[in-house]
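Chain by chain, the residues run as shown.
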Amino acid sequence: MSVATQHPPGREQLGTFSPEPQPLSLLINGEVRTALADPATTLVEFLRDALGLTGTKIGCDRGACSACTVWIDGEVAASCMTLALDVRERNITTIEGLSRAGELHPVQQAFIEHDALQCGFCTPGMVMSCAQLVNRNPDCTLDDVKTAISGHLCRCGTYPNIFKATLAAAAASRKGKTK
Amino acid sequence: MSADAFEQRSLPAGIVGDAVKQVTRNVPRGEPPAWPANAELQVVGKDVPRMDALDKVTGRARYTFDVQLPRMLYARTLNSTVPHARIKSIDTSRAEKSPGVRAVHVLERLLMIAELRDPGDEASEPYPIVRFTGQPIAAVAATSARAAEAALELIRVEYEPIPHVTEFEDAIQSSSPPVFPGPTEQRATAGGGGAAQGLPQKGNLRGPSTGGSRGEIERGFKEADVVVEGEYRTQVQTHTPLEPHGIVADWRDEELTIYASTQHVMSVRDEAAEIFKLPKEKIRAISDYTGGGFGAKYGVGNYGTLAIHLSRKAGAPVRLVLDRREEHVSVGNRPSTLQRLKIGAKRDGSLTAIELHSFGTGGVAAGAGVGMCHHSMYPCPNVSIEHYDVFTNAGPCAAFRGPGQTQGIFALEQAIDAVAARLGIDPIAMRDKIDTRDADDVRARAAERRIGAEKFGWSRRRAPGSDAGPIKRGIGMAQSMWPYIVNSYTTCEIRIAGDGTVDAFCGTQDIGTGTRTVFAQVVAEELGLRAEDVRVHVGDSRFPPGPPSGGSRVTSSLTPAARNAAHAAARDIASRVAPLLKAPADELIFKKGHIERRGDSKTSLGFAEALRRAGIETLVHRADRRDDYEGYARKAGELNISPHAIGGVQFAEVCVDTQTGAVKVERMLAVHDCGRPINPKLVESQILGGVVQGVSYALYEDRRLDAATGVQLNANIDQYKIVGSRETPQIEVHLIELIGAQSSTDARGVAEPANVATAAAIANAFFNATGKRIYTLPMTPANVLAALRAE
């Protein structure tokens, strides 16, 4: 059996890893960040423990609460269910990288205005999913918002305000585009 | 306090826009003058955005979970794999030599659980008896979480099993294995807990407690025209905060620093002081942000005790954060209950007898009561209460949003609904008839029923079971009641620097309720500033003492102290600035960033400029929370309980699929009071959260244990079902402004009242939809189909 053909294209160039920690470089929020990681390291562990990017949370560590949501090449993903090694040469965006040059994403602004958070622990993940929805579909409906966060758990029960905030951000973003 | 410490004042009291009248109160001397209604205030009563929202939406907010210190070690806990056993031996020697391991500690004593009155043979046990699967035994600190986990595998525990019982129905049998071999007590620690002392105990039944009983119950039933009986069951609910319990302990010879995910930094400090026999001054507890608590996060707990021991042994900071399974199993839950409730009433609805025979199952902990509602909400001359705690080999209970009351109201408000149905009285008219104590919550609920009925379209309510097809819709309502609590020992400090910087300090914490924001608003109001001009400091045990974020008591305790300190600072500034403005100090007011003479906006100086020109360097003012102007009905420790309670009325519309047993809550209306709302937007958020959690409790949540092993079968988020976006109903909130004339801000809490009535409102809507009572929570298809089949 040929090992090489089982790898996705381009994988050969990425090299192989031993079980021991080795330097790993990932493209995070537009910067190449390098730290030691072993092959079992999840993306969220790499972000939090190796890089100190603690905005991304772990609520369940099994892909059930979505507190760990980040973007991989612009798509939402559970970083607790993603191995750090598997996202080499991918473009990772975390909550720390969502606002650019001090300007909040419209969803972040709307979360503040509509008080779409309480304890705030689920908030970074919620913001990442809602921001991705608004970017992808500024014409989103209430039903779309519910779908976008259907995998997220907010124990404080902020859902009604998250719905309002996301729809408001979508409206603001539509307005911004027609200007 | 002597009589001359008080003065009589005439103050407005009542519901703003409804019925405000002047009342006479004995007010402690020096209290600031009463505020007018919110509409006339500058900052208080306004929807000021949450002050820490920016930090939360950008990921900058630092939770205990995020604390990373140099040389910090990661700890993991070894938990029992059996439900009941003597530990014969524990061998940690291999774990200690495992790569990366820096310390191992075996727990000597367990917090949170009941203890034998007479330890007897257990006194000579080398280790605590294991009484539930998942009970913490030991912990390892290592250079990585993975190294700690690997070392746990190397610890050998030799168990000698003891027969166990996990199910309530089995535990109440006289033949059941006892969870404790003799009578127990559960003393409160600085971390909370505690149950009534000295109660009898037989097998696993501890009780009865009979508080609230009065009159002659038999006579009450004889006088009744109708008697309604029901057997209500509620499930075990786990708190499931999204941030698990966690502590980073940093033991140094000179000081112990504890970063804690907690509802009360002071309780973390005090419990650590008790356990480690340290002076409180040598301990500092810090909590910048806490990712949810809901009642279970007090003190250092067993996990925190382990973390502190490990930090001392390793000479390095140790982080111990529970994993999701541990969070479900070992740090608290809402007890399950069985409530046999019998109510007698006369034809006109007036109550003649309330008899409650109840059981609550808090696992290995006592204190599983069903609240005070049955005997205190509605006047009734004959009341008989008998409550038993039932021990099982399961994780200990802890306070959970509306502890006892949420379970109790589920039964009581359905029973009242049932009485109304039997008598052919409208459920709202029934409450109008019986909800008649002389108290603020009663007056509030009267207004709330009226407003709610109008807004919800109550007049469209049809006869029970009106829909002909298999899908049935209905509406219902239920009432809330929660004590209005004021915490003793609440002090605020205001520091004003010569450049106009204002800092406000209190050793309370903001766990997501908006404490920082309301604190700033109250201070800003007195100083004529914007809320964002006030830098608020909470979450540090070095600050002046502050209340726990539990019992809906922070806003009621904190804001009067904050206002009084800010008021004293303002009067101090006025006296120093008066000569500059050539106006009497008592005519100077603070408004929109200026200090000016009342009615003369030309005689004015900017706040910072006035301080500079008056040569002020730093002003510091401290004030305590004074007692309520009408005093308290009773005091329990640091809790002062007002004769007035907090009300609330909730309405629900449900849809029941009678073929599948699926229940959907389509719409909720929550009408609430919380004294003076300091920030209506944040109050609304609290109420939304209370309702969402209430829907989740009513429909889904249910901790399930395997009876053979005591293992929780759904100790995770995917199988322990909690309301998500798809199940969130449309929720409308309406808030009334109630001025109680009790304190300098008249604010009260709302977190718990917002939660306690929800399940009952849904259950009453279920009855209206189907014509059948749902006596068992949660309303899963199995429980619903059983209810629909019942005669």
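Please read all numbers here as calculations on a predicted model, not as lab measurements.

Draft legend 1. Just empty space enclosed by the protein, in detail. Residues and elements named next belong to chain B. Within the structure shown, the criterion is met by four cavities of 30 Å³ or more. For the largest cavity, the calculated volume is near 70 Å³. Lining the largest cavity are 14 residues; nearest its centre among them are Leu11, Ala34, Tyr629, Ser743 and Asp746. No other element matches strand E1 (residues 6–15), which puts three residues into the lining of the largest cavity. In terms of residue class, the lining of the largest cavity is made up of nine nonpolar, two polar and three charged. Mapping the lining of the largest cavity onto the domain boundaries places at least three of its residues in each of domain 1 (8–30 + 437–484 + 642–791) and domain 2 (31–60 + 485–636). Of the pockets and cavities examined, the second largest cavity occupies roughly 60 Å³. Classifying every residue of the lining of the second largest cavity gives four nonpolar, six polar and one charged.

Draft legend 2. Highlighting helix H12 (residues 440–456) of chain B. Residue and element names in this part refer to chain B. Over its 17 residues, H12 runs 23 Å from end to end, which matches the ideal 24 Å to within 8%, given 1.5 Å per residue. The complete set of buried residues in H12 reads Asp440, Asp441, Val442, Ala444, Arg445, Ala447, Glu448, Arg449, Gly452, Ala453 and Phe456. Phi for Gly457, located one or two positions after H12, is positive at around 80°.

Draft legend 3. Quick look at the sheet that holds strand E29 (residues 600–606) of chain B. Residues and elements named next belong to chain B. Pairing within the open sheet is antiparallel, and its three strands lie in the order E27-E28-E29. In this open sheet, the two edge strands, each paired with only one partner strand, are strand E27 (588–591) and E29. The mean inter-strand angle of the sheet, taken between neighbouring strand axes irrespective of direction, is 35°. Pairing of strand E28 (residues 594–597) with E29 involves four bridges; the strand directions are antiparallel. Opposite Ile595, over in E29, you have Leu605 as the bridge partner. Relative to E27, helix H14 (residues 554–581) is tilted by about 115°, and along the sheet it contacts E27, E28 and E29.

Draft legend 4. Highlighting the nonpolar core. With 122 residues, the main nonpolar core has Phe111 and Tyr159 of chain A together with Leu341, Ile343, Leu351, Ile762 and Met779 of chain B as its most contacted residues. The element that contributes the greatest number of residues to this core is helix H10 (residues 405–423) of chain B, accounting for 10 residues. Non-local contacts of Tyr159 of chain A, meaning those with residues more than four positions away in its chain, are made with Met126, Ile149, His152, Leu153 and Cys154 of chain A together with Val692, Val723, Gly724, Ser725 and Thr728 of chain B. Core analysis: the next-biggest nonpolar cluster, separate from the first, contains 52 residues, Val165, Ala249, Val329 and Val390 of chain B among them.

What counts, and at which threshold
- Residues numbered from 1 in each chain as written.
- Chains lettered and ligands numbered in written order.
- Predicted model: local features only at pLDDT ≥ 70, side-chain atom pairs only at ≥ 80, totals over all residues.
- Heavy atoms only, no water.
- 1 Å grid on protein atoms, 1.4 Å probe; cavity = no way out; pocket = protein on both sides within 12 Å on 5 of 7 lines; lining within 4 Å.
- Points joined across faces, edges and corners; volume = space filled by probe spheres on them.
- Helix = DSSP H or I, 4+ residues; strand = E, 2+ residues; numbered from the N terminus.
- Nonpolar A, V, L, I, M, F, W, Y, C, P; charged D, E, K, R; others polar.
- Domains from an automatic or database assignment.
- Expected span 1.5 Å × (residues − 1).
- Buried < 20%, exposed > 50% of the residue type's maximum accessible area, 1.4 Å probe, protein only.
- Pairing = 2+ DSSP bridges.
- Axes fitted to C-alpha atoms, helices over the stretch in contact; angles between N-to-C directions.
- Contact = heavy atoms within 4.5 Å.
- Core = buried A, V, L, I, M, F, W, Y, C linked by side-chain atoms within 4.5 Å.

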